[in-house]
Amino acid sequence: MKHYIPILRIPGLAALLMLLLLTGGCGSPADQSSAPAATQPPVQTIRIAYLPITHALPLFAAKELETPNGPVKIELIKYGSWPELMDALNTGKVDGASVLIELAVKAREQGIDLRAAALGHKDGNVIITAPSIESVEDLRGTTFAIPHKQSSHKLLLDQLLAEHGLSEQDLQVVELSPPEMPAALAQGQIAGYCVAEPFGAKSVLLHTGKVFARSDELWPDSLCCALVFNGTFLDQHRELAKAFVHDYQAAGDYLTRQPDEQQRIAAKYLKAKDAVLDLSLQWISYKDLRIQEPAYDELIRRMKDARLIRQAPAYEDFVDSSLLD
Ligand code: ZN
């Protein structure tokens, strides 16, 4: 039996050689072109939700600085309100979002696996009132708008009121969508509002509102928006998320180094006049977007005081610091 084996294999080998000769064989141009493609990692798309506000500028900058050969292709998905955006994030319709950090913390308390990677910005919130409001006492009995109960805007208002012996009981606090606020103030439906930019600056430029207080004066290092991921996405695509967070962080540094670019990029993604954006951007910073533990603890303390939350996620459970460089 043994000496038959090579005889049986020779015709097969000859047929294989013939086939290789007919098709071009090893080292053909077709073979060489397919080899590098197999070793190059594919460009992967990440879907990130946002609202058109200056607080999401690092996202827009990351998209602007995107290179065609990847590794990450950013798909930005615009939403009109926080509840719609949160629904998409919670259900995994999007992979991540730039979102009010209070909404994400609250979702975690409700058992939804969301994890934060970095801040959206620092400072950048103002309390806008009608020009006639001269003191906090003047707000008594008026209507004041915030974008959502779960927000730093509410916490800033509560602080301002408390510092002057007032509380939300002394006025009517309503939720309004941010683009509606400048018109509501101009028409006298509300006496003031606190919201993400550029909606505060808009009233100031129209002379229908004035800056009553700024977040950096009321609550230094206040947290507001954060880049948050759906936990299931993060577990399945950790390297993609890391590559994106790297680009996001680089975009924040870029905006800090090149302030002129803030205005150019904001103008491309936000519908606002140059003068409005210019004023808005004077109030905000994109420097060092790390979520620091003391700042997070302060946020949770304020959320608990305002009864926005009972069981807050621990810093190390909610903030995934390993995603940052
Ligand atoms: Zn914000």
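Scroll up a little and you will see the structure.
Residues numbered from 1 in each chain as written. Predicted model: local features only at pLDDT ≥ 70, side-chain atom pairs only at ≥ 80, totals over all residues. Heavy atoms only, no water.

Draft legend 1. Broad picture of the layout of surface pockets. Within this model, the largest pocket holds a volume of roughly 330 Å³. Lining of the largest pocket is provided by 13 residues; of these, Asp158, Gln159, Ala162, Asp305 and Ala306 occupy positions nearest its centre. Of all the secondary structure elements, the ones that give two or more residues to the lining of the largest pocket are helix H6 (152-162) and helix H14 (293-305). By residue number, the principal contributor to the lining of the largest pocket is H6, which donates five residues. Here the residues of the lining of the largest pocket are counted per class, giving four nonpolar, three polar and six charged. When its volume is computed, the second largest pocket comes out at roughly 260 Å³. (1 Å grid on protein atoms, 1.4 Å probe; cavity = no way out; pocket = protein on both sides within 12 Å on 5 of 7 lines; lining within 4 Å. Points joined across faces, edges and corners; volume = space filled by probe spheres on them. Helix = DSSP H or I, 4+ residues; strand = E, 2+ residues; numbered from the N terminus. Nonpolar A, V, L, I, M, F, W, Y, C, P; charged D, E, K, R; others polar.)

Draft legend 2. Here's a closer look at the sheet that holds strand E6 (residues 126-129). Strand order in this open sheet of five strands is E8-E7-E9-E6-E10, and the pairing throughout is mixed. Strand pairing shows two members of the sheet lacking a second neighbour, strand E8 (172-175) and strand E10 (210-214), which therefore form its edges. In this sheet, neighbouring strand axes are inclined to one another by 25° on average, regardless of whether the strands run parallel or antiparallel. Pairing geometry for strand E7 (residues 143-146) and strand E9 (residues 192-195), over two bridges, is parallel. The residue of E9 that forms the bridge with phenylalanine 144 is glycine 192. (Pairing = 2+ DSSP bridges. Axes fitted to C-alpha atoms, helices over the stretch in contact; angles between N-to-C directions.)

Draft legend 3. Molecular detail of the coordination of the zinc ion. Looking at the metal site, the zinc ion is ligated by His55 (ND1), His121 (NE2), Cys224 (SG) and Cys225 (SG), spaced 2.1 to 2.3 Å from it. Here the zinc ion is ringed by four donor atoms whose angles at the metal span 89 to 117°, and the overall shape comes out tetrahedral. Read in sequence order, the donor residues coordinating the zinc ion give the pattern H-x65-H-x102-C-C. Residue classification places cysteine 224 among the buried residues on the basis of a relative accessible area of 1%. With a relative accessible area of 1%, cysteine 225 lands in the buried category. (Donors = N, O, S within 2.8 Å, 3.2 Å for Na, K, Ca; no water. Tetrahedral: all angles 85-135°; square planar, octahedral: opposite > 155°, others 65-115°. Buried < 20%, exposed > 50% of the residue type's maximum accessible area, 1.4 Å probe, protein only.)

Draft legend 4. Looking closely at the side chain of glutamate 102. By the secondary structure assignment, glutamate 102 is in helix H5 (residues 101-109). Although glutamate 102 is buried, it forms no salt bridge, and the closest oppositely charged side chain is arginine 302 at an N-O distance of 8.8 Å. Reaching out from glutamate 102, the side chain makes a polar contact with the side chain of serine 152 at a distance of 2.5 Å. (Lys, Arg positive; Asp, Glu negative; His and termini not counted. Salt bridge = Lys/Arg side-chain N within 4 Å of Asp/Glu carboxyl O. Polar contact = N/O pair within 3.5 Å; in protein donor to acceptor, adjacent residues only side chain to side chain.)

Draft legend 5. Looking closely at H14. A rise of 1.5 Å per residue sets the reference length of H14, with its 13 residues, at 18 Å; its end C-alpha atoms lie 18 Å apart and thus fit the reference within 8%. Within the span of H14, buried status applies to Ala295, Tyr296, Leu299, Ile300, Arg302 and Met303. All buried residues of H14 lie within an arc of 165° about the axis, which places them on one face of the element. Exposed side chains of H14 directed beyond 90 degrees from the buried face belong to Pro294 and Asp305. Elements in contact with the buried residues of H14: H5, H6, helix H9 (215-218) and helix H15 (315-318). Residue arginine 307 follows H14 closely and has a positive phi angle near 60°. (Expected span 1.5 Å × (residues − 1). Arc of directions from axis to C-beta. Contact = heavy atoms within 4.5 Å.)

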